[in-house]
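# An overview of the molecular structure
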Amino acid sequence: MRVAMASVAARRAGRANEDFTGAVPSAAVLVDGAGIPGGESTCRHGVAWYAGRLGAGLLSLLSPVRDRGLATLLAEAIEQVTDEHRETCDVEDPISPSAAVAMLRLSGGRVEYLVLGDAFLVLDRVDGTPLVVSDPREVVISESYRPALEAAAEGEYLRILRDLRAHRNRPGGFWVAKDDPHAADEAITGSCPIAELTGAVLLSNGASRIVDRFGLADWPEVMAVLASSGPAEIIRRVRRAEERDAVAADDATIAYCTELGEP
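Residues numbered from 1 in each chain as written. Predicted model: local features only at pLDDT ≥ 70, side-chain atom pairs only at ≥ 80, totals over all residues. Heavy atoms only, no water.

### Re the sheet that holds strand β7 (residues 131-134)
- The strand order β1-β10-β9-β6-β7 describes an open sheet built from five strands, whose pairing is antiparallel. Either end of the sheet is taken by a strand with one partner, and the two such strands are β1 (2-8) and β7. Direction aside, neighbouring strands of the sheet carry axes that sit 15 degrees apart on average.
- Pairing of β1 with strand β10 (residues 252-258), which is carried by seven bridges, proceeds in the antiparallel orientation. Paired with Ala4 across the strands is Tyr256, a residue of β10.
- The sheet strands contacting helix α7 (residues 231-245) are β1 and β10, and the helix crosses β1 at an angle near 25 degrees. (Pairing = 2+ DSSP bridges. Helix = DSSP H or I, 4+ residues; strand = E, 2+ residues; numbered from the N terminus. Axes fitted to C-alpha atoms, helices over the stretch in contact; angles between N-to-C directions. Contact = heavy atoms within 4.5 Å.)

### So, the pairing of strand β2 (residues 19-24)
- Of the pairings in the sheet, the one linking β2 to strand β3 (residues 27-34) comprises six bridges and is antiparallel in character. Bridged to Phe20 within β3 is Val31.
- Count of turn residues in the β2/β3 antiparallel hairpin: two residues.

### Brief notes about the packing of helix α1 (residues 47-61) against helix α2 (residues 70-85)
- Closest axis-to-axis distance for the α1/α2 pair is 9 Å, and the angle between their directions is 135 degrees. The angle between α1 and α2 places the two elements in the oblique class. In the crossing of α1 with α2, the sense of the turn from one axis to the other is right-handed. The residues of α2 that touch α1, namely those facing Trp49, Tyr50, Arg53, Leu54, Gly57, Leu58 and Leu61, are Leu73, Leu74, Glu76, Ala77, Ile78, Gln80, Val81, Glu84 and His85.
- A class-by-class count of the residues in the contact of α1 with α2 yields 10 nonpolar, three polar and three charged. (Parallel < 35°, antiparallel > 145°, perpendicular 65-115°, else oblique. Left-handed = near helix turned anticlockwise from the far one by under 90°. Nonpolar A, V, L, I, M, F, W, Y, C, P; charged D, E, K, R; others polar.)

Right, here's the structure in full:
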């Protein structure tokens, strides 16, 4: 499998890129870290640390042997990284670091996939109709808070945002990687034959904006741009739209997988 990656930070003062992406010969992982101002009081390590630790843990656990499913591996990785900072940080606080996750693995002639949270995974099918894998629960709940967040002053904004984050990892809310490994059971998972695909792409929500926020392209057009110009071009177009519409930039990360075949 060939994997082309691009990741561009949002260039926020004092903030590192909170996305992570990586690959091994038979798998690719993308982690989109999330936190809010003030989160440092709950976790001294920060969101970028959490995303990096979770992503590295997933890559170390992934194997072309299908002895364990992707959700089981994600649960183990969540437990591992939580144990790393359980004694020093308030891992259960609603504003402690969390992350959306997208995973892809080639095994037994099939492509297995997983999405948890607001990341995207798109499978480019031979018949020309991409299969878009997403988890809309966070987006649905977040949209209900958007008017209040846009109108709020700074102090009120953080209160509303904390209230939104309190919906994480609970029935009727949305599910992300955080401190509870059982959240992995709520991931969107599936598989399809490798022979049916020409490629696949994993995107953080800062990159998927090209479709779901700005409407600059549909998913077939995104796959065509990736094939012709690579992931950096998608991010360049997103940044240009953010500047045009005065929208705050977000970390944007893409892992584009082609030449799918098991090692």
